[in-house]
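Fold and contact review
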Amino acid sequence: MDSILYFYQYTIYFYSFAITAFYLFLMISSYFMIERIKVRYTKIEADLLLDLPEIAPPISIVAPAYNEEVIIIDNVNSLLSMNYPNFEVIIVNDGSKDKTLDLLIENFDLEETAFPYIEKVRCRPVKRVYKSVNPKFKRLLVVDKINGGTKADAMNAGVNIANYDYFINTDVDCILDQDTLTKIILPVLDSKVEVIAVGATMRMSNGCEVEHGVMKRVSPPKAMIPTFQETEYLRSYLLAKMGWSMFNLIPNVSGGFGLFDKNIVIEAGGYDPLSHAEDMDMTLRMVAFMRENNRKYKIVQIPDTLCWTEGPPTLSVLNRQRTRWGRGLLQIFVVHRKYLFNRKYGRMGWIVLPYALFFEFLAPVIEVIGFLSLIFLLFTNQINFRTFWLMLLYVYLIGITMSLMTISYDLRVKKLYQNYSEYLKLVLFSSLEAIIYHPLIVFFSLKGYWQFLTRRNFSWGAMTRQGFSKQTPTTKTV
């Protein structure tokens, strides 16, 4: 027993050292990437696209909607208000049972139209396509289809309908910055290598002020759980993904917001309706397609906050979301196990997936085993408390440092909150994250692994939408 404990202690020591080294590496890489992008993509380049619309590639915005009557009108108005010369908005009504479709028809003067629908990637049948008879909404297309049970199926219908070579994958509950399309397309135009996807920073819309679908004031969430998520999201995008982007190692472009090359998505087979991590699944299959066809590629991350999404407002909704993410992560390694340590797939096989396996998938397992070992050592009086508190403080301070650096990076990109006191709120919640929020995430992740292994509860669950005005909440899949 003693030899097992010693082995585990040394394993934890080297594991902790490795993950700390990775975080430090990503933190430094992220800083240089943020500075590089701030210099390369300025307002001058953005204005050039607006002044010369013929050089601005047209973009399709695809947003699935299921039972979104509370927020649908504001959010469609938000998508239609993009400051960009060439774009279309495609809303995929995925068999909503509420008034989502009726509200769209009424508010945007929609009429059913003949549309040359070609199924390039598989999805549940499309029943009809609507266009507006009002010139004010000429960019809007609404697709009414049979419910497919997942966002991936609805996205495939949107990809089939999309007229342009690039599309935005977003959620209809998201609020996009009005300069989103200009900022997200610049890395594509600037690159000599084919850019297959571009991601940007997402954050919580909970607590923000939105008027007619336009973000008027950015504020931190008022509720506890979304506030923890605000810091978590910023750390994920500004520290991790920005750091990985320096070496073209981004593991996934978020399913909540991202720009994709439509033709590569189609060649890779479209979104997998059976996947519970459809964003990572799609990114990996796009990379695999490029590698199998010996084509150079880039996936780019920009630091700008371009998308605000409504985060889980309650513990029960967070539970449903994170257990699905846990199922999805394990599913990735089962479905795409052939990519792992396979030199045919280059850095994806040798860096991206091994990192995800050892430092994301196994992290909750190791943490729980470590906690149980700690309890055993406490009961058997085998803990040296002189070093115990120092090690605990070291781990705690590493986490705090990462969060503080992330917040400073956010300020460096653009000060979105009006008051520094609001940033102090993020600092306070960062100091409590390891004690309150992180244990919940570990538990929900392990619950998701167990559900996948036992083939239980594979439904997507529902998320209560509170919207941006005082209306009756509704639910959607998460």
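It should be noted that the structure appears before, not after, this text.
This text gives an overview of the structure that appears in the document.

The secondary structure content of the protein chain amounts to 14 helices and 14 strands. Since a compact globule built from 478 residues should have a radius of gyration of about 23 Å, the 23 Å found for the protein chain is in line with a globular shape. Each principal axis of the C-alpha atoms in the protein chain carries an extent, and together these give about 75 × 50 × 50 Å. A burial count over the protein chain gives 54% of its 478 residues as buried. Within the protein chain, counting contacts between residues at least 6 apart in sequence, those at least 24 apart form 78% of the total. Of the accessible surface of the protein chain, which amounts to about 22,000 Å², a share of 60% is contributed by carbon and sulfur atoms.

With respect to the helices and strands, Asn169 occurs in strand β6 (residues 166-170). We classify Asn169 as buried; its relative accessible area is 2%. A distance of 3.2 Å separates a polar atom in the side chain of Asn169 from a polar atom in the side chain of Tyr271.

Evaluation of the coordinates by the stated rule reveals 23 aromatic pairs. Ring centres of Trp244 and Tyr355 lie 5.0 Å apart, and the angle between their planes is 75°; on these two criteria the pair is classed as edge-to-face. Within this pair, whereas Trp244 is found in helix α7 (residues 224-245), its partner Tyr355 is found in helix α11 (residues 346-361), the two being separated by 111 residues in sequence. An identical accessibility class is assigned to Trp244 and Tyr355; each is buried. Relative to Tyr449, the ring of Phe361 has its centre 4.6 Å away and its plane inclined at 45°; by these criteria the two rings are tilted. Taken together, the positions of Phe361 in helix α11 and Tyr449 in helix α14 (residues 420-454) put the pair 88 residues apart, joining distant regions of the chain.

On to the packing of helix α9 (residues 278-292) against α11, then. Contact pair α9 / α11: the axes reach a minimum separation of 10 Å and the direction vectors enclose 160°. Of the possible angle classes, the one that applies to α9 and α11 is roughly antiparallel. Taken as a pair, α9 and α11 cross one another with a handedness that is left-handed. Two secondary-structure elements touch here, α9 through Met280, Leu284, Val287, Ala288 and Arg291 and α11 through Gly346, Met348, Leu353 and Ala356. Looking at the contact of α9 with α11 residue by residue, the class counts come to 7 nonpolar, 1 polar and 1 charged.

The 10 strands lie next to each other as β3-β4-β5-β2-β1-β6-β11-β8-β12-β7, forming an open sheet whose pairing is mixed. In this open sheet, the two strands that pair with only one neighbour each are β3 (110-113) and β7 (175-176). Bridge count between strand β8 (residues 195-204) and strand β11 (residues 257-261): 2 bridges; the pairing is antiparallel. Counterpart to Val198 in the pairing with β11 is Leu259. Of the strands in this sheet, β1 (59-65), β2 (87-94), β4 (126-132), β5 (140-145) and β6 are in contact with helix α5 (residues 151-161), which crosses β2 at around 140°.

What follows concerns the pairing of β2. Within β2, 8 of the 8 residues are buried, leaving the element largely enclosed by the surrounding structure. Pairing of β1 with β2 involves 7 bridges; the strand directions are parallel. By the bridge assignment for β2, Ile59 is matched with Phe87. For the segment spanning β1, helix α3 (residues 72-80) and β2, crossover handedness is right-handed. Here β2 pairs with β5 via 6 bridges, running parallel.

With that settled, consider helix α13 (residues 385-413). The end-to-end C-alpha distance of α13, which contains 29 residues, comes to 42 Å, matching closely the 42 Å that a straight helix rising 1.5 Å per residue would cover. Of the positions making up α13, those classed as buried are Ile400, Met402, Ser403, Thr406, Ile407, Tyr409, Asp410 and Val413.

A surface patch of nonpolar side chains, amounting to about 930 Å² of accessible area, comprises Val368, Phe371, Leu372, Ile375, Leu378, Phe379, Phe385, Trp389 and Leu392. Of all the secondary-structure elements, those providing two or more residues to the nonpolar patch are α12 (363-379) and α13. Per element, the largest residue contribution to the nonpolar patch is 6 residues, and it comes from α12. Relative to the elements of secondary structure, Leu392 occurs in helix α13.

On to the environment of Leu357, then. Looking at the element boundaries, Leu357 is found in helix α11. The exposure class assigned to Leu357 is buried, which follows from its relative accessible area of 16%. Measuring from C-alpha to C-alpha, the distance between Leu357 and Leu330 comes to 9.0 Å, with 27 residues separating the pair along the chain. Not counting chain neighbours up to four residues away, the residues in contact with Leu357 comprise Phe333, Leu340 and Leu362.

On to the pairing of β1, then. Along any regular strand, the residues point their side chains to alternate faces of the sheet. For β1, a buried count of 7 out of 7 residues is recorded, marking the element as mostly surrounded by other parts of the structure. Side chains Ile59, Ile61, Ala63 and Ala65 of β1 all project onto a buried face; the interleaved residues Ser60, Val62 and Pro64 project onto the opposite face, where all are buried too. One ladder, built from 4 bridges, connects β1 with β6; its direction is parallel. The residue bridging Ser60 from the neighbouring strand is Phe167, located in β6.

Although it is not a glycine, Asp109 adopts a positive phi angle of roughly 50°. Relative to the assigned elements, Asp109 resides in the loop between α4 (100-107) and β3. Judged by its relative accessible area of 30%, Asp109 falls in the partly exposed class. Notably, Phe341 is not glycine yet its phi reads approximately 55°, a positive angle. Relative to the assigned elements, Phe341 resides in the loop between α10 (315-335) and α11.

Calculation rules
Residues numbered from 1 in each chain as written. Predicted model: local features only at pLDDT ≥ 70, side-chain atom pairs only at ≥ 80, totals over all residues. Heavy atoms only, no water. Helix = DSSP H or I, 4+ residues; strand = E, 2+ residues; numbered from the N terminus. Rg over C-alpha atoms; globule rule 2.2 N^0.38 Å. Buried < 20%, exposed > 50% of the residue type's maximum accessible area, 1.4 Å probe, protein only. Contact = heavy atoms within 4.5 Å. Areas by Shrake-Rupley, 256 points an atom, 1.4 Å probe, with all protein chains shown as cover. Polar contact = N/O pair within 3.5 Å; in protein donor to acceptor, adjacent residues only side chain to side chain. Phe/Tyr/Trp six-rings, centres within 6.5 Å; stacked < 30°, edge-to-face > 60°. Axes fitted to C-alpha atoms, helices over the stretch in contact; angles between N-to-C directions. Parallel < 35°, antiparallel > 145°, perpendicular 65-115°, else oblique. Left-handed = near helix turned anticlockwise from the far one by under 90°. Nonpolar A, V, L, I, M, F, W, Y, C, P; charged D, E, K, R; others polar. Pairing = 2+ DSSP bridges. Right-handed = clockwise from strand over helix to strand, strands pointing away. Expected span 1.5 Å × (residues − 1). Patch = residues over 30% accessible without salt bridge, like charges linked within 9 Å, V, L, I, M, F, W, Y side chains within 5 Å. Salt bridge = Lys/Arg side-chain N within 4 Å of Asp/Glu carboxyl O.

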